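Here are the chains, one letter per residue:
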Amino acid sequence: MIALRTAFIDSFIKEQFDKGTRQIVLLGAGFDVRAYRMCLDGAQFFEVDQPELFDAKEPLFAQVPLQCARRVALPIDLGSKHLNLVEGLQRHGFNLTQPSCWVLEGLIMYLKPGQVQQLAKQVSALSARRSTLVHDAVSATANKMGIHFCGAKFRSGDDDYARLWNMAGFATARVMNWGALSADRQMGQVSVDMNVADASPRQLRGNEAVVLVTAYKPPEARAREPQGRSRIQAGQLQHRQKHLNRFAALARSDGASSGDKDEDAHE
Ligand SMILES: C[S@@+](CC[C@H](N)C(=O)[O-])C[C@H]1O[C@@H](n2cnc3c(N)ncnc32)[C@H](O)[C@@H]1O
């Protein structure tokens, strides 16, 4: 199951790279080694995970050559009430005007619903047009089964991830049934069976299911004349920057007044 997930996400990233995306952000990166094995010449990998994870990972890979232009490790608690992805990424050269590909592989289920929503908003605010994302997740009923994986408890599941991403600003979102995926071992490829319908909220309600979610920010509608178009882009960027500044100000003021300990703040 995990090999299938990895192969699907590999091909998703490769597809975005081929379309021109050069910023790949791995949230809850864990021991992901895509920066060392995918041969994406010119790509930048931003890996985000808990500080303790990088304490273990960095020494292990110190001598391993990269297969990309650059890799940045960002120790950030993605569940923090004072989450400020914006500052961390921008400080390390993340470009707000360029499309990005966000990978949340094996992460969402370990965050509480409020934390997932906060994260979705920040991901969207950082995502230029043509940005994309991919993640796996479980249905609400599956989450209620009290699943633990390697000692970590699942904390969220939802029957409508398309809504989550639509509300955050990704206009196009698709929720696939796990059963639609299959591996073609001879070709070394993963394929999605078009005859298997996507997982609707109605189908997921009351059922234990694992899903794969992809979402896209489409390019803006073409403006008639170039001047108008650049005005639109500048306006959109200003609007996003306003959001980003708000996240940063909130994180600063909350952090200053109460410290960064409130792990359960989103319940
Ligand atoms: C199941 S592992 C998945 C790792 C990797 N993405 C993969 O698929 O192999 C979940 C990862 O999410 C990270 N994680 C869980 N909660 C987190 C949080 N609040 N902030 C940052 N990372 C977190 C864990 O440290 C762990 O590396």
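Residue positions are given per chain, counted from 1 along the sequence in the order it is written. Side-chain atom pairs in this predicted model are given and counted only at pLDDT of 80 or more, local residue features only at pLDDT of at least 70, and totals for whole chains, interfaces and linings cover all residues.

A. Geometry of the overall build of the protein. Helices and strands together make up the secondary structure of the protein, namely 9 helices and 11 strands. When the 267 residues of the protein are sorted by exposure, 33% land in the buried category. Across the protein, every contact between residues at least 6 apart in sequence was considered, and the portion connecting residues at least 24 apart equals 75%. Elements are defined by DSSP. Helices are runs of H or I of four residues or more, strands are runs of E of two residues or more, and each kind is numbered from the N terminus. Three classes are used. A residue is buried when 20 or more other C-beta atoms lie within 10 Å of its own, exposed when 12 or fewer do, and partly exposed in between, with C-beta atoms placed from the backbone. In this description, any two residues whose backbone-derived C-beta atoms lie within 7 Å of each other are considered to be in contact.

B. Layout of the confidence of the model for the protein. The quantity known as pLDDT measures the predictor's confidence residue by residue, on a range of 0 to 100. The pLDDT averaged across the protein works out to 87; a share of 85% of its residues lies at or above 70. Under a pLDDT of 50 for its full length, residues 223-230 has, in the predicted model, 3 contacts with residues more than four places off or in other chains. Ignoring residues within four places in sequence, the model shows residues 257-267, a span with pLDDT below 50, making 13 contacts including any to other chains.

C. Local environment of helix H5 (residues 113-126). Its 14 residues give H5 an end-to-end C-alpha distance of 20 Å, which sits within 8% of 20 Å, the value for a rise of 1.5 Å per residue. The buried count for H5 comes to 10 of 14 residues, which makes it a mostly enclosed element. The span one expects for a helix is its residue count, reduced by one, times 1.5 Å.

D. Up close: unusual backbone geometry. Of note, the phi angle at Cys 39 is positive, near 55°, even though the residue is not glycine. With respect to the secondary-structure elements, Cys 39 resides in the loop between helix H2 (34-37) and strand S2 (40-49). The backbone of Arg 130 sits at a positive phi, close to 75°, despite the residue not being glycine. Along the chain, Arg 130 turns up in the loop between H5 and strand S5 (132-138).

E. Summary view of the site of the ligand. Nearness here has a simple definition: the residue's C-beta atom, placed using the backbone, must lie within 6 Å of the molecule or strand. The full set close to the ligand counts 14 residues, and Gly 28, Gly 30, Leu 78, Gly 79 and Gly 106 are the nearest of them. Any residue outside Ala, Val, Leu, Ile, Met, Phe, Trp, Tyr, Cys, Pro, Asp, Glu, Lys and Arg is labelled polar, Gly included; the first ten of those are nonpolar and the last four are charged. Class assignment of the residues belonging to the shell around the ligand gives a composition of 5 nonpolar, 5 polar and 4 charged.

F. Layout of the environment of Arg 163. Mapping Arg 163 onto the fold places it in helix H7 (residues 161-168). Residue class for Arg 163 comes out partly exposed when judged on the 13 C-beta atoms lying within 10 Å of it.

G. Up close: the pairing of strand S4 (residues 100-104). The element S4 is largely enclosed, with a buried count of 5 among its 5 residues. Because side chains alternate across S4, one face comprises the buried residues Ser 100, Trp 102 and Leu 104, and the other comprises Cys 101 and Val 103, equally buried. Strand pairing requires that DSSP identify at least two bridges connecting the strands. Pairing of strand S1 (residues 23-27) with S4, which is carried by 4 bridges, proceeds in the parallel orientation. Bridge pairing in S4 places Leu 26 opposite Val 103.

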